[in-house]
Amino acid sequence: MITSEDGRSLEVTVRHEVLRVEPWGEGSLRVRAGRHRILDDVPGALLPAKPSAATASAEGRTGRVVNGPLTAIVEIADTDTGLDAQLKFVRTGTGEELLSEQRAHFWWPGARLFMPSRNGYGRLEQRFTAYDDERIYGLGQHTHGRLDQKGLVLDLVQRNAEVSVPFLLSSRGYGFLWNNPAVGRVELAANGTRWVADDARQLDYWITTGDGPRAILGHYADATGYAPMLPEWAAGFWQSKLRYRTQDELLAVAREYHARGLPLSVIVADFFHWTHLGDWRFDPAEWPDPAGMVRELSALGTRLMVSVWPSVSPLSANYRELHEKGLLVAAENGVPAHAPWKDKGFGVEMPVAFYDATNPAAREFVWSKVKENYYDLGVRAWWLDGDEPEIQPGHPHNLGFHAGPGAEVFNLYPQANAQAFHDGIRAEGDDEVVLLSRSAWAGSQRFGAALWSGDVGATWESLRAQVRAGLNVALAGIPWWTTDIGGFHGGDPASDAYRELMVRWFQYGVFCPLFRLHGFRDPRPPFGPAMTGGPNEVWSYGDAAYSSIVESLKLRERLRPYLMEQMRVAHEQGIPPMRPLFVDFPADAASWDVSDQFLLGPDVLVAPVLSPGVVSRRVYLPAGASWTDAVTGSRHDGGGWVEAAAPAERIPVFLRDGAEVPITARE
């Protein structure tokens, strides 16, 4: 049976399954399927729907919802195992198929599968047709090193450097959100696409279309939220290393930047600056005057960022209260301890817990401590590390959250953790929210979450993977992104080979939304409170590298006004500043295949150097514009390849249609 009580949405009932199709923003539809009823209390990423001029109709076994350029058609079809509701989505004006559900088998199952486990939960599957010419982008951040993810299987689970944001953009002209934070996977195979939730209560997805990728990304931001306006200070250079052990160490570095006349917007007090994990306060033995430190840094034009982990050691002064009030993540079996940690005051690893960020009371508790011990001292920049959360062993199914069982809600955690800080900061009347997060989920951007690519390798292969990862993050709706320049794991500052990698990574990093140096350099001591890692300041890599890096710092300063214009566009329109070529040139078929170049805003095309010993590289210039080499001034018509010079001191950069962006310094 198909009904439309409001004239805008459809409800379809076939045996025990209920299927609802409803408008959810301009050119967008939400689809939910459940057993016996549709639930409204299942966590997801979607905000309340914005109004749209949608209409719905039902006649016999066929129903239709039309919402601007997108139409859903549902048919109750006869199959070998009885009636089955089947959906497809088409362009309203032409009837062109965008995406269609696909039965798994002529006998059983159909396009949707529910395999019960207990108490209304079960394994859920949703299948769609595969298209040979389709390319698929987005889906968060992954280390596989590919831009087009067609043909891959991706786990839907949060891990260090693997960030599940289940929104994809298709070359067929649609965007698709799997609106379900459950642990599972997506299979983007040649014989079909399958989304799987290991254990959940309800299928829930959202689909949109529009006039090109920009419209699709704008609809997605409408549905899940826009990033705040990036504060101007955050567009500058961020200095970090594995760990500055004391206040004096950190201030000495900031003073040296100032003495050398180098720009420094942010410097980081990383982990182990605290007394115990979960105390959320400076260790007074190492950081005796944090408020004075913040004041001195401010006088130097620098912000202090502090690392705030969601982990709680049993040694923490807050552990007992969090435990007794039920504000820690629970365990389905065993004690609520989810990772080993070598805390201060304890010579061996011991198990630690995590606060339950999905619980509003827990978020308020943690923010109260952060406010008292950091915010009230002047700290305004936050590093939310380890917020996947970083469990070990990796058994999210054993966790119990306020929002639901771990299997159903685990991927939501980093978004909820960001919300704790966002809401606390806003409650102080402060509208500048910058949260450097190691993980994210759909909608994290609306809480001011900036993602970085996690603890990646210090290799050329890793650098190549970062370029693709950052572009897919942008297409997953998160416009603020960065990497550990130079990679995290290793790198010998005295090695000429590594110095070349560092210089090229800096040249790439200049054009990333956020510009940040970090890493655990050689020599690397064992894990523990005393660790610090090798030097990782811009002067740590020899005179030649230093000279080149300084030029990168100066270039970033010249770019900041242009970059802030692009951040305004991201804030207001949902278009990320760093993006693949096809976002601006969708009619150019070749631009959909270029994965090692990108645009920064509409006017700057960047072609990073991604291998050692390179002095030139091929660059594709999209059709529909003319392109000028930002250094040589040579002009080229779009729609072809050029061989561009890439000497040690720079990477190829081209400007669109005579745009005036200060890539080179004026005489």
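Up top you'll find the structure we're talking about.
Within each chain, residue numbers correspond to sequence positions counted from 1 in written order. In keeping with the predicted nature of the model, local features appear solely for residues at pLDDT of at least 70, side-chain atom pairs appear and are counted solely at 80 or more, and the whole-chain, interface and lining totals rest on all residues. With hydrogens and water stripped out, all remaining heavy atoms of the structure feed into the side-chain values.

Q: Would you mind showing me how to read the overall build of the chain here?
A: To qualify as a helix, a DSSP run of H or I must reach at least 4 residues; to qualify as a strand, a run of E must reach at least 2; elements of each kind are numbered from the N terminus. Helix and strand counts for the chain come out as 10 helices and 40 strands. Just to be clear, the radius of gyration here is over C-alpha atoms, and the globule rule we use is 2.2 Å times residues to the power 0.38. In summary, the chain has a C-alpha radius of gyration of 25 Å against a globular reference of 26 Å for 667 residues, a match within 12%. Principal-axis analysis of the C-alpha atoms places the extent of the chain at approximately 80 × 70 × 40 Å. To sort residues, take the accessible area from a 1.4 Å probe on protein chains only and compare it with the maximum for the residue type: under 20% means buried, over 50% means exposed, and anything in between is partly exposed. By the burial criterion, 62% of the 667 residues in the chain qualify as buried. Here the analysis covers contacts within the chain between residues at least 6 apart in sequence; of these, 70% occur between residues at least 24 apart. Per-residue and other accessible areas were derived by the Shrake-Rupley procedure at a 1.4 Å probe size, with only the shown protein chains allowed to occlude residues. Put simply, the chain shows about 23600 Å² of open surface, and 50% of that area lies on carbon and sulfur atoms. Two residue types count as positive, namely Lys and Arg, and two as negative, namely Asp and Glu; His and chain ends fall outside the count. Charge coordinates come from a single atom per side chain, which is NZ of Lys, CZ of Arg, CG of Asp or CD of Glu. Charge centroids of the chain, computed over 64 positive and 83 negative side chains, lie 1 Å from each other. It only takes one pair of heavy atoms within 4.5 Å for two residues to be counted as in contact.

Q: What am I meant to see in the pattern of salt bridges here?
A: For side chains of opposite charge, pairing can occur when their charged atoms come near one another. Note on definitions: salt bridges are taken to be side-chain nitrogens of Lys or Arg within 4 Å of carboxyl oxygens of Asp or Glu. The full count for this structure, using the stated rule, is 49 salt bridges. Lys 325 is paired through a salt bridge with Glu 321; the nearest N and O atoms lie 2.7 Å apart. Judged by relative accessible area, Lys 325 falls into the exposed class, the value being 53%. A relative accessible area of 32% places Glu 321 in the partly exposed class.

Q: Please explain the nonpolar core as it appears in this structure.
A: What tends to happen in soluble globular proteins is that the nonpolar side chains get buried as a cluster. Buried Ala, Val, Leu, Ile, Met, Phe, Trp, Tyr and Cys residues that are joined via side-chain atoms within 4.5 Å together make up what is termed a nonpolar core. Within the largest apolar cluster, 163 residues are counted, with the highest numbers of intra-cluster contacts made by Leu 304, Trp 382, Phe 506, Phe 511 and Val 538. Those residues within four positions of Phe 511 in sequence are excluded, and the remaining contacts are Leu 555, Arg 556, Leu 559, Met 578, Phe 598, Leu 600, Val 604, Val 606, Ile 651, Val 653 and Ile 663. Counting 42 residues, the second largest nonpolar core, distinct from the first, contains Ala 56, Ala 72, Phe 89 and Leu 139.

Q: Please explain the sheet that holds strand E31 (residues 481–482) as it appears in this structure.
A: Consider a sheet: its strands pair through backbone hydrogen bonds, and that pairing is either parallel or antiparallel. A pair of strands is labelled paired if DSSP reports no fewer than 2 bridges between them. Across the sheet, which stays open at both edges, the eight strands sit in the order E31-E30-E29-E26-E21-E20-E19-E32 with parallel pairing between neighbours. Of all strands in the sheet, those with a lone pairing partner are E31 and strand E32 (515–517), marking the two edges. One ladder, built from three bridges, connects strand E26 (residues 381–384) with strand E29 (residues 435–437); its direction is parallel. If you follow Trp 383 over to E29, its bridge partner there is Leu 436. The strands touched by helix H9 (residues 496–509) within the sheet are strand E19 (237–239), E31 and E32, with E32 carrying the most contacts at an inclination of about 155°. Inter-axis angles, ranging from 0 to 180 degrees, are taken between N-to-C directions of lines fitted to C-alpha atoms, where helices are fitted over the stretch in contact.

Q: Which parts of the structure should I look at to understand the sheet that holds strand E23 (residues 330–331)?
A: In spatial order, the strands read E23-E27-E28; together these three strands make up an open sheet with antiparallel pairing. Sheet topology places E23 and strand E28 (404–405) at the edges, where each strand pairs with a single neighbour. Summarising the sheet, E23 and strand E27 (residues 399–401) pair through two bridges and their orientation is antiparallel. Paired with Ala 331 across the bridge in E27 is Leu 399.

Q: Explain helix H7 (residues 413–427) here, please?
A: Helical periodicity: at 3.6 residues per turn, an α-helix aligns residues three or four positions apart in one direction. Working rule for helices: expected span equals 1.5 Å times residues minus one. With 15 residues, H7 should reach 21 Å at 1.5 Å per residue; the first-to-last C-alpha distance of 21 Å fits that figure. With respect to burial, H7 is a largely interior element, 12 of its 15 residues being buried. Of all the residues in H7, the buried ones are Tyr 413, Pro 414, Gln 415, Ala 416, Asn 417, Ala 418, Gln 419, Ala 420, Phe 421, His 422, Gly 424 and Ile 425. Where H7 terminates, the next one or two residues include Gly 429, which has phi positive at roughly 80°.

Q: Help me out: how do you make sense of the packing of aromatic side chains in this one?
A: For any pair of aromatic rings, the description rests on two quantities: the centre-to-centre distance and the angle between the ring planes. The aromatic pairing rule takes the rings of Phe, Tyr and Trp, using the six-membered ring of Trp, and pairs them if the centres are within 6.5 Å, calling planes under 30 degrees apart stacked, those over 60 edge-to-face and the rest tilted. The final tally for this structure, using the stated rule, is 42 aromatic pairs. Between the aromatic rings of Phe 89 and Tyr 205, the centroid separation amounts to 6.2 Å while the plane-to-plane angle is 80°, which identifies the pairing as edge-to-face. With Phe 89 in strand E8 (residues 82–91) and Tyr 205 in strand E18 (residues 203–209), the pair connects residues that are 116 residues apart, well separated along the chain. Given the relative accessible area of 0%, Phe 89 is considered buried. Between the aromatic rings of Phe 506 and Phe 515, the centroid separation amounts to 5.8 Å while the plane-to-plane angle is 85°, which identifies the pairing as edge-to-face. You can call Phe 515 buried: its relative accessible area is 0%. Pairwise contacts between aromatic rings join Phe 282, Trp 287, Trp 367, Tyr 374, Tyr 375, Trp 382 and Phe 421 into one cluster. Directly above the ring of Trp 383 sits Arg 516, whose terminal nitrogen or CZ lies 5.1 Å from the centroid. It is Arg 618 that lies over the ring of Trp 641; its NZ or CZ is 4.2 Å from the centre. Cation placement over rings: the criterion is NZ of Lys or CZ of Arg within 6 Å of the ring centroid and within 35° of the ring normal.

Q: Honestly, the pairing of strand E30 (residues 449–452) in this entry has me stumped. Any pointers?
A: The two faces of a sheet get side chains in turn, since along a regular strand they alternate between them. Alternating positions in E30 separate into two faces, Ala 449 and Leu 451 on one and Ala 450 and Trp 452 on the other, with burial throughout. Bridge count between E29 and E30: three bridges; the pairing is parallel. For Ser 437, the partnering residue across the bridge sits in E30 and is Leu 451. We call a crossover right-handed when, viewed with both strands directed away from the observer, the connection leading from the first strand over the helix to the second proceeds clockwise. Between E30 and its parallel partner E31, the chain crosses via helix H8 (residues 460–475), and the hand of that crossover is right-handed.

Q: Explain unusual backbone geometry to me, please; I cannot follow it from the model alone.
A: Keep in mind that most residues, glycine aside, have a negative phi and that most peptide bonds are trans. The amide bond that connects Gln 392 to the next residue, Pro 393, takes the cis arrangement and shows omega of 10°. Turning to its location among the elements, Pro 393 is positioned in the loop between E26 and E27. The omega torsion of the bond from Asp 522 to Pro 523 falls at -5°, within 30 degrees of zero and hence cis. Considering the arrangement of structural elements, one finds Pro 523 in the loop between E32 and helix H10 (543–573). Here Ala 161, not a glycine, exhibits a phi torsion of approximately 75°, which is positive. Assignment of secondary structure puts Ala 161 in the loop between strand E13 (153–156) and strand E14 (163–170).

Q: Mind showing me how you'd approach the side chain of Ser 100 here?
A: Note on placement: Ser 100 falls in strand E9 (residues 97–100). In this structure Ser 100 touches Leu 87, Lys 88, Phe 128, Thr 129 and Tyr 131, once residues within four positions along its chain are discounted.

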